[in-house]
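# Inside the fold
Listed below, chain by chain, are the residues.
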Amino acid sequence: MSEAVDGGGDAEVIPITRTQASREHLSAASGESFSGTSHATSGGPFSDTSHATSGGPFPRTPHATSGEEDDDRRLAELLAFLRRRVTGDYEVDEFGFDPELTDRVLLELIRPLYRHWFRTETVGMHNVPGDSGALIVANHSGTVPLDGLMLQVALYDDHPGRRALRLLGADLVYRLPVLGHLSRKTGHTLACREDADRLLRKGEVVGVFPEGFKGVGKPFSDRYRLQRFGRGGFVASAIRAGVPIVPCAIVGAEEIYPKIGDLRTLARVLGLPYLPVTPLFPWLGPLGLVPLPSKWMIGFGEPIRTDELDPADADDPMLVFNLTDQVREVVQQQLDELRLRRGHAFPPFF
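Scope of this entry: the structure provided in the associated data block. In this text the structure is predicted, and so the values were computed from the model without any measurement.

### Focus: a nonpolar patch on the surface
A surface patch of nonpolar side chains, about 540 Å² in accessible area, is lined by Trp 117, Trp 283, Leu 284, Leu 287 and Val 290. Following the sequence through the fold, Val 290 ends up in the loop between strand S12 (276-277) and strand S13 (297-300). Here Val 290 falls in the partly exposed class, since its relative accessible area comes to 40%.

Here it is in structure tokens:
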């Protein structure tokens, strides 16, 4: 598998293991710092809620003496950033992941949704390893898959280690020229055994949505009911790599585009798995594409260890099936608990 990486020049290709160090180097070079607040809670599989404040793509230093000096510094950083993009003086890994572009541009564009529109809270972030590989297994929903993007922001902004999420996407994503290229730039790759195994063995945090289109495209009447988890390929990858499986529940995505119908014929013509009808779309045209401002919570449960298993156990279909079913049950339980904890989807209106 290969794909050209654009960037105005010949970017250096680096091993996956250097991406974390590259992010730390970029943060140190720009004076960027992580800030977050954790609130301990009790009950259920989650035990903390973390919030981080983003300082924008070119963050302000805490010791700026005047607004004019601060503006000059930000302008200098912007020009330096643009110069690196034009000259190709930036790093990507063999999958096309571009850490600097992801943090300073792509994630920055969706952070307002995460922070202010959905008012997202994270719970149990300490269950995600700080410097080793892990497989995040989450429910999939929302009609339009914004949940993957919000999960990516959560792990990068709210985790003390600023973990980059390497999502495994459906092949439909990579058949689309613009979306497929941007997905690789942000660290995502095709959902296949080879890519999953390589990323996990290199110590990356890999994310997977086992429900696939069955989950993200289900009707509103089936909200927060997990669909089938497939054949358990993600479990086999975790066993082969010996990394923990972190069950993840995402509450809030179900309400952003309530799916009440499906334009099946038009969807087949366009080559899409479904074409939703919502209370606002297509009746309001482009305005109907604006997601409703539901309250989001993302919870990370206690890791399920696989390092005690032999890598050869990944070829045992019964063991893989049982572990897949266990993960599904845990995620469903987390969903039920987190949904009760959140309360109304649109506070304080309902």
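### Remarks on the side chain of His 159
Residue placement: His 159 occurs in the loop between helix H4 (146-157) and strand S7 (165-169). Overall, His 159 belongs to the buried group, its relative accessible area being 4%. Of note is the side chain of His 159, whose polar atom sits 2.8 Å from the backbone nitrogen of Gly 161.

### Focus: the nonpolar core
Across soluble globular proteins, nonpolar side chains show a tendency to be buried alongside one another. Ranked by size, the top nonpolar core spans 31 residues in total, and within it Leu 135, Val 137, Phe 234, Val 235, Ile 245 and Val 327 carry the most contacts. Contributions of two or more residues to this core are made by strand S6 (134-138), helix H7 (193-201), strand S9 (205-208), helix H9 (233-241), strand S10 (245-251) and helix H11 (317-342). Looking at this core, the element that brings in the most residues is H11, giving six residues. Val 235 has contacts with Ile 245, Val 320, Leu 323 and Thr 324, leaving out every residue within four places of it along the chain. Counting 29 residues, the second-largest nonpolar core is a separate cluster that includes Met 125, Leu 155, Tyr 156 and Cys 248.

### Some details on the packing of H7 against H9
H9 packs onto H7 with a crossing angle of 40° between their chain directions and a minimal axis gap of 9 Å. When the axis of H7 is compared with that of H9, the two are oblique. Along this stretch, H7 crosses H9, giving a crossing that reads as right-handed. Counted together, Arg 193, Ala 196, Asp 197, Leu 200 and Arg 201 of H7 and Ser 237, Ala 238, Arg 240 and Ala 241 of H9 form the full contact between these two elements.

### A look at the packing of aromatic side chains
According to the stated counting rule, one finds two aromatic pairs in the structure shown. Summarising the aromatic geometry, the rings of Phe 118 and Trp 296 are spaced 4.6 Å apart at their centres and angled 20° between planes, so their arrangement reads as stacked. Of this pair, Phe 118 sits in the loop between helix H3 (99-117) and strand S5 (121-123) while Trp 296 sits in the loop between S12 and S13; the two residues are 178 residues apart in sequence, bridging distant segments of the chain. Classification of Phe 118 as buried rests on a relative accessible area of 0%. Residue class for Trp 296 comes out buried when judged on its relative accessible area of 0%. With centroids separated by 6.1 Å and ring planes inclined at 75°, the aromatic side chains of Phe 229 and Phe 234 adopt a geometry described as edge-to-face. Note on Phe 234: relative accessible area 9%, which makes it buried. We note Arg 85 situated over the ring of Tyr 90; from NZ or CZ to the ring centre the distance is 3.7 Å. Lying over the aromatic face of Phe 220, Arg 223 brings its terminal NZ or CZ to 4.1 Å of the ring centre.

Cut-offs used in this document
- Along every chain, residues carry numbers that run from 1 in the direction the sequence is written.
- With pLDDT at 70 or above as the cut-off, local features in this predicted model cover only qualifying residues; side-chain atom pairs require 80 or more to be listed or tallied, and sums for whole chains, interfaces and linings still use all residues.
- To get the side-chain values, all heavy atoms of the structure are used, and hydrogens and water are removed first.
- Exposure above 30% relative accessible area and no salt bridge define the residues that can form patches, which grow by joining like charges within 9 Å and nonpolar side chains of Val, Leu, Ile, Met, Phe, Trp and Tyr within 5 Å.
- Using a 1.4 Å probe, accessible areas were evaluated by the Shrake-Rupley method; residue-level cover was limited to the displayed protein chains.
- Whenever Lys or Arg places a side-chain nitrogen within 4 Å of a carboxyl oxygen from Asp or Glu, that contact is recorded as a salt bridge.
- In this text, helices come from DSSP runs of H or I with a minimum length of four residues, and strands from runs of E with a minimum of two, each type numbered from the N-terminal end.
- Using a 1.4 Å probe on the protein chains alone, a residue whose accessible area is under 20% of its type maximum counts as buried, one over 50% counts as exposed, and one in between counts as partly exposed.
- We define a polar contact as two N or O atoms separated by no more than 3.5 Å, with the added condition that, inside protein, one atom must be a possible hydrogen donor and the other a possible acceptor, whereas residues neighbouring each other in sequence contribute only through side-chain atom pairs.
- Nonpolar core, defined: a set of buried Ala, Val, Leu, Ile, Met, Phe, Trp, Tyr and Cys residues in which side-chain atoms within 4.5 Å join the residues together.
- Note on definitions: a residue-residue contact is assigned when non-hydrogen atoms from the two residues lie within 4.5 Å.
- Interaxial angles span 0 to 180 degrees and are taken between N-to-C directions of axes, which are lines fitted to C-alpha atoms, for helices over the stretch in contact.
- Put simply, angles under 35 degrees are roughly parallel, angles over 145 are roughly antiparallel, angles from 65 to 115 are roughly perpendicular, and the rest are oblique.
- By the definition used in this description, the sense in which the near helix is turned from the far one sets the handedness, with an anticlockwise turn below a right angle giving left-handed and a clockwise turn giving right-handed.
- The aromatic pairing rule takes the rings of Phe, Tyr and Trp, using the six-membered ring of Trp, and pairs them if the centres are within 6.5 Å, calling planes under 30 degrees apart stacked, those over 60 edge-to-face and the rest tilted.
- A ring has a charge above it when a Lys NZ or an Arg CZ is no more than 6 Å from the ring centre and no more than 35 degrees off the ring normal.

Keep in mind that these numbers describe shape and distance, not what the molecule does.
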